[in-house]
Amino acid sequence: MIQGEEAKKLHPTLSYLVQKQSLVVPLIAVLVAFLIGSVLIALQGVNPVGAYQTIFNAALGSERGLLRTLEKTTPLILAGLAVAVALRVGLFNIGAQGQLIMGAFFATWAGFTFTNLPALLHVFVGLLAGVIAGGLWAAIAGVLKAYRGVHEVISTIMLNSIAIALLDYLVNHPFKEPGQALPRTVPIFETAQLPKLGFVPVGFLLALLVAMFISWVINRTTAGFQFNTVGANKFAAAYAGIKIKYIVVASMLLSGGLAGLGGAVESLGITYRFEPAFNKGLGFDGITIALLARANPLATIPAAFLVGVLRSGAPSLQFDYGIEPEIVDLLLAITLLLVAAPILGKLIFRKYAKKSETISSGWGS
Amino acid sequence: MAPLLEVKNVSKSFPGVLANDNISLTVNAGEVVALLGENGAGKSTLVKMIYGLYPPDSGEIFINGNKVELTSPKAAIDLGVGMVHQHFQLVPVFSVAQNVALGAEKKRYGLYDSQQAEEDVAALSQKYGLAVDPAVKIEDLPVGTQQRVEILKVLYRDAKLLILDEPTAVLTPQETDELLEVMRGFAKQGVGVIFITHKLREVLAVADRVVVLRNGKQVGETKPSETDQAGLAKMMVGRSVVLDVKKELAKPKEEVLRIEKIVVKDDRNLIGLNELSLSVKAGEIVGIAGVEGNGQRELVQAITGLRKIEAGKVYINNVDATDSSPYQVHKMGVAHVPEDRERDGLVASYSIADNLVLNRFTEAEFSKRGVRQVEPIKKLARFLVEKFAVKTPSIETNAGALSGGNKQKLVIARELAWGPKLLVAAQPTRGVDVGSIEFIHNQIVQARDNGAAVLLVSAELDEVLGLADRVAVIYAGKIVAELDAAAADRNKVGRLMAGGDTN
Ligand SMILES: Nc1ncnc2c1ncn2[C@@H]1O[C@H](COP(=O)(O)OP(=O)(O)OP(=O)(O)O)[C@@H](O)[C@H]1O
Ligand SMILES: [Mg+2]
């Protein structure tokens, strides 16, 4: 039986976001964001075309730049996937950030705690620790949602704060690197480090594989069918014998696991230790990415790449023009607003929307 | 004087379907025009264009002789066109008057004037004979009265043309008769009404003119005085329709469903089923007759695992199914045609094919090691769409794009396809055209003859009496009488349904 909170249908905005798979809205959103961004750049007396060129050049123009971009993109793909998977079930996982840093910390912990593990196994154990930590952290919100009706947006926001506080404590006290002023852990053993293939970070390839795997799970498996059904129509899901509570918890577990993996890949592949100053904002970028990708797992790859390029290229604005790199936050915020608000889609698809939306759903329609 | 509404040569197509092909329609002030046609004939599409929900591909619409562009429902409302949606758009915790005024409030000192609204609503309901108390909250009203509030909403915005798309599908016979009366009242006041229904009796009772669509084309026009039910059916379907169910005498065998004194709560946490007991055997159809709201919904949900059973037992094939989940009940061989197909029975954004395996997706045929088997699913879908004559351009079409009756056929097809041991069918022919009703009834009888036990719940007393081998009358959450089909005449059952006894 479905009741109360559970019985409420997926928020119309969310279902809109999941259903409209069109490319046009995200593309135009990015375009408009860049246009608004150019105005803001021009206001600072800088030629916007030049500024954008600088970003892209710095991000893609050299092998070093490209490597940095791929490194930035890697956790973003995973964070985007995390948010996308939850969206499929009709859940808005705002807590990807908290899950990601939990994953980053526990992967690091596994990296400096286990000794004498062979290299490959140690990496695997590290990644697994990250997945489990992120997954369990998100599952708390899943359980609260399924069994107590606590809205996941509220609980994941609170879990973000708790994760930050908890990790602050851990790196300041029990796991603080001895003799260091900075609150940070000791580095991981070399056996736990993610290697590179040529100049391509293995973590990046792993993220691509995971995206393909998640896409397959969502579109081809019975598990994915259950996820999608719960997200599309809870009543029909209950009727079809799907255990909604179970799916809510399972999807949060998966979502958090992906975010945790994102953090783990960052720790084991780039930072090699945990420090609260790292991994800033990755989980929040994941929200932008998932919405830009319309919760389509494969589409998180290009969306994450775009964000990765901006993040990787932005600091050079400071050198070349003295523009604060936070301009990129602005660009992304505008993009997010535009993709998240159905208004843009409605404007673009005015005619089309009217044709396809079932506004009345009577017995007769 | 120019007619109230004139639709000229309007066409509309959807991907793969010509839904309206050069349709023309006139409605005069003070006239009730019935739109009749098979499922998918294009009735809803036509009225949605008149209400500004879809733009026509070609053709013109005139209101009071002026050519109009109806780009949105708001534009239509401003021109005096109103439509009542079947799924009500009411705020449950608001009063009747608040709901009616919502969005078109009259203000006093810049604030909502509740007294004025209540007076206006009272005046309107007086004028049109729509009895309803303006101060009552929506959530405390029965479905039929909520519909009146929807109609009042439309009238409050000064509608001169009222569109009702299958308004009677969810009404009790009593409420239906009242609505027909109200419609005549509108006509008297000079309002034009477009009325869509599949119930020929209603058409004959209320319409001034009947326009018949088939396959998107206009195939005829007639008047109730010039025809009868059989004539209308023939115009719609293009052949004679057998309106009575033909079946052999039932040969009941072993007991499949046994319900022992179950107690179930309703949505308001009051007693919905009060120690109800019932038994259905293989090879028989047991019909539940009752005034809506006497526990029918709770009964169906209790059997199918969608509602908690507080006390008592349910056995399916002698296995205790009392605390089973919908999944377990399904696995025990129970098929369920839910009363609300849009909400429970379908996922609108899924393809027809996916909807046809909605509750069967874990079966070995459709899933191997957790991977969905696309080809077998499509094969089943093609077979069922063909067999049940679901009108659709393709099995990949979203279920949400189907016409109302075709959605219903989809659910029926899915539930009958797998040879269930027990079929629990709630309102199986709601919104379905006469030709398809005949077909669905035959399918249900055939399932019975193949040894299935059938529990039929229907608001249509005629359907229960025509189809059931045994009639169980439900009243206040209890089965108050069980009659052999032969002994169940309309009057007697009617009295029992009202809580009276047979003598
Ligand atoms: N939004 C849509 N997208 C695609 N096809 C549609 C859409 N709406 C209707 N159709 C198709 O147009 C045709 C006419 O549908 P319509 O809903 O007008 O039928 P109807 O006469 O109201 O049928 P019913 O009696 O079953 O309600 C059907 O084949 C239907 O599948
Ligand atoms: Mg219709």
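One numbering rule holds for all chains: residues counted from 1, following each sequence as written. All chains are assigned letters beginning at A, and all ligands numbers beginning at 1, according to the order in which they are written. With the structure being a predicted model, the display of local features is reserved for residues of pLDDT at least 70 and the display and counting of side-chain atom pairs for 80 or more, all residues being used for whole-chain, interface and lining totals. Hydrogen atoms and water are omitted, and side-chain values are computed over all heavy atoms in the structure.

**Student:** Any chance you could explain the overall build of chain A here in plain terms?
**Tutor:** Tallying secondary structure elements over chain A gives 18 helices and two strands in all. Burial status follows relative accessibility: with a 1.4 Å probe on protein chains alone, a residue under 20% of its type maximum counts as buried, one over 50% as exposed, and anything between as partly exposed. Every one of the 365 residues in chain A was classed for burial, and the buried ones make up 56%. In chain A, of all internal contacts separated by at least 6 residues, the share reaching a separation of at least 24 is 79%. The accessible surface values rely on the Shrake-Rupley method and a 1.4 Å probe; as for residues, cover is taken only from the protein chains in view. Of the roughly 15300 Å² that chain A leaves accessible, carbon and sulfur atoms contribute 68%. The secondary structure listing takes helices from DSSP runs of H or I that are at least 4 residues long and strands from runs of E that are at least 2 residues long, numbered from the N terminus. Residues count as neighbours in contact if any of their non-hydrogen atoms are within 4.5 Å of one another.

**Student:** I tried to follow the sheet that holds strand β14 (residues 271-281) of chain B on my own but got confused; where do I start?
**Tutor:** The strands making up a sheet associate through hydrogen bonds between their backbones, and the pairing can be parallel or antiparallel. All names here are of chain B. Think of it this way: DSSP has to see at least two bridges between two strands before they count as a pair. The antiparallel open sheet is built from four strands, whose spatial order is β14-β13-β16-β17. Two strands in the sheet have a free side with no partner beyond their single neighbour: β14 and β17 (319-320). In this structure, strand β13 (residues 255-265) lies alongside strand β16 (residues 309-316), joined through six bridges in antiparallel fashion. The partner of Val-264 across the bridge, within β16, is Ile-309. Between N-to-C directions, angles cover 0 to 180 degrees, with each direction set by a line fitted to C-alpha atoms, over the stretch in contact for helices. Against the sheet, helix α9 (residues 296-303) contacts β13, β14 and β16, and its axis sits at roughly 120 degrees relative to β13.

**Student:** Explanation requested: the pairing of strand β23 (residues 470-475) of chain B in the structure shown.
**Tutor:** Within a regular strand, side chains alternate between the sheet's two faces. Residue and element names in this part refer to chain B. With five of six residues buried, β23 is to be regarded as a mostly interior element. By the bridge criterion, four bridges tie strand β15 (residues 285-289) to β23 in an arrangement that is parallel. Residue pairing in the sheet places Val-286 in a bridge with Arg-470 of β23. Across six bridges, β23 lies against strand β24 (residues 478-484) in antiparallel orientation. In the sheet register, Tyr-475 faces β24, and the bridge partner there is Lys-478. With antiparallel pairing between neighbouring strands as the criterion, β23 and β24 make up a hairpin whose turn holds two residues, including Ala-476 at a positive phi of roughly 50 degrees.

**Student:** What is the right way to look at a nonpolar patch on the surface in this model?
**Tutor:** Residues and elements named next belong to chain A. Taken together, the side chains of Leu-121, Phe-124, Leu-128, Ile-132, Leu-136 and Leu-253 present a nonpolar region at the surface, about 550 Å² in accessible area. Per-element tally for the nonpolar patch: the top contributor is helix α7 (residues 119-148), with five residues. Here Leu-121 lies in helix α7. Owing to a relative accessible area of 40%, Leu-121 belongs among the partly exposed residues under this scheme. Patches here: salt-bridge-free residues with over 30% relative accessible area, like charges joined within 9 Å, nonpolar side chains (Val, Leu, Ile, Met, Phe, Trp, Tyr) joined within 5 Å. Each reported salt bridge corresponds to a side-chain nitrogen of Lys or Arg within 4 Å of a carboxyl oxygen of Asp or Glu.

**Student:** How do you make sense of the packing of helix α5 (residues 63-88) of chain A against helix α12 (residues 244-271) of chain A when you look at a structure like this?
**Tutor:** Packed helices, taken two at a time, are described by their axes: the angle between them and the distance between them. Residues and elements named next belong to chain A. Contact pair α5 / α12: the axes reach a minimum separation of 7 Å and the direction vectors enclose 175 degrees. It follows from the interaxial angle that α5 and α12 lie roughly antiparallel. From α5, Glu-71, Thr-74, Pro-75, Leu-78, Leu-81, Ala-82, Val-83, Val-85 and Ala-86 reach across to α12, where they touch Ser-251, Met-252, Leu-254, Ser-255, Leu-258, Ala-259, Leu-261, Gly-262, Val-265, Glu-266 and Ile-270. Among the residues making up the contact of α5 with α12, the classes are represented as 14 nonpolar, four polar and two charged. In these notes the angle categories are as follows: under 35 degrees is roughly parallel, over 145 is roughly antiparallel, 65 to 115 is roughly perpendicular, and the rest is oblique. Residue type decides the class: Asp, Glu, Lys and Arg count as charged, Ala, Val, Leu, Ile, Met, Phe, Trp, Tyr, Cys and Pro as nonpolar, and the leftover types, Gly among them, as polar.

**Student:** Whenever I open this one, the packing of α7 of chain A against α12 of chain A confuses me. Can you help?
**Tutor:** Residues and elements named next belong to chain A. Relative orientation of the contacting elements α7 and α12 amounts to 145 degrees, with a least axis distance of 6 Å. Here the hand of the crossing between α7 and α12 comes out right-handed. Considering only residue class, the contact of α7 with α12 consists of 18 nonpolar, eight polar and two charged. The crossing is said to be left-handed when, going from far helix to near helix, the turn is anticlockwise and less than a right angle, and right-handed when the turn is clockwise.

**Student:** Just to check I follow, could you spell out the pattern of salt bridges for this structure?
**Tutor:** Opposite charge on two side chains makes pairing possible when the charged atoms of those side chains draw close. Residue and element names in this part refer to chain B. Tallied over the full model, the rule gives 39 salt bridges over all chains. For the salt bridge of Asp-208 with Arg-184, the shortest nitrogen-to-oxygen distance reads 3.5 Å. Of this pair, Asp-208 sits in the loop between α7 (200-206) and β11 (209-214) while Arg-184 sits in helix α6 (residues 173-188), and the two are 24 residues apart along the sequence. We classify Asp-208 as partly exposed; its relative accessible area is 25%.

**Student:** Looking at this structure, I do not really get helix α14 (residues 300-313) of chain A. What am I missing?
**Tutor:** Since one α-helical turn is 3.6 residues long, residues separated by three or four positions face the same way. The end-to-end C-alpha separation of α14 of chain A is 19 Å, in line with the 20 Å expected for 14 residues at 1.5 Å each. Residues of α14 of chain A that are buried in the fold lie against α3 (24-43), α4 (48-60), α5, α13 (282-292), α15 (315-321) and α16 (327-340) of chain A. Given the number of residues in a helix, its expected span is that number minus one, multiplied by 1.5 Å.

**Student:** Quick question: what am I supposed to make of the nonpolar core here?
**Tutor:** One broad trend across soluble globular proteins is that nonpolar side chains are buried collectively. Core analysis: the biggest nonpolar cluster contains 102 residues, and Ile-77 and Leu-81 of chain A together with Leu-358 of chain B have the highest contact counts within it. Here this core takes 12 residues from α5 of chain A, the largest share from any one element. Leave out the neighbours within four places in its chain, and Leu-81 of chain A touches Val-210, Ala-211, Ile-214, Leu-258, Pro-297 and Thr-300 of chain A. Only buried Ala, Val, Leu, Ile, Met, Phe, Trp, Tyr and Cys residues count toward a nonpolar core, and they belong to the same one when joined by side-chain atoms within 4.5 Å. One finds Ala-399, Ala-425, Val-473 and Leu-496 of chain B within the second-largest nonpolar core, a separate group that totals 48 residues.

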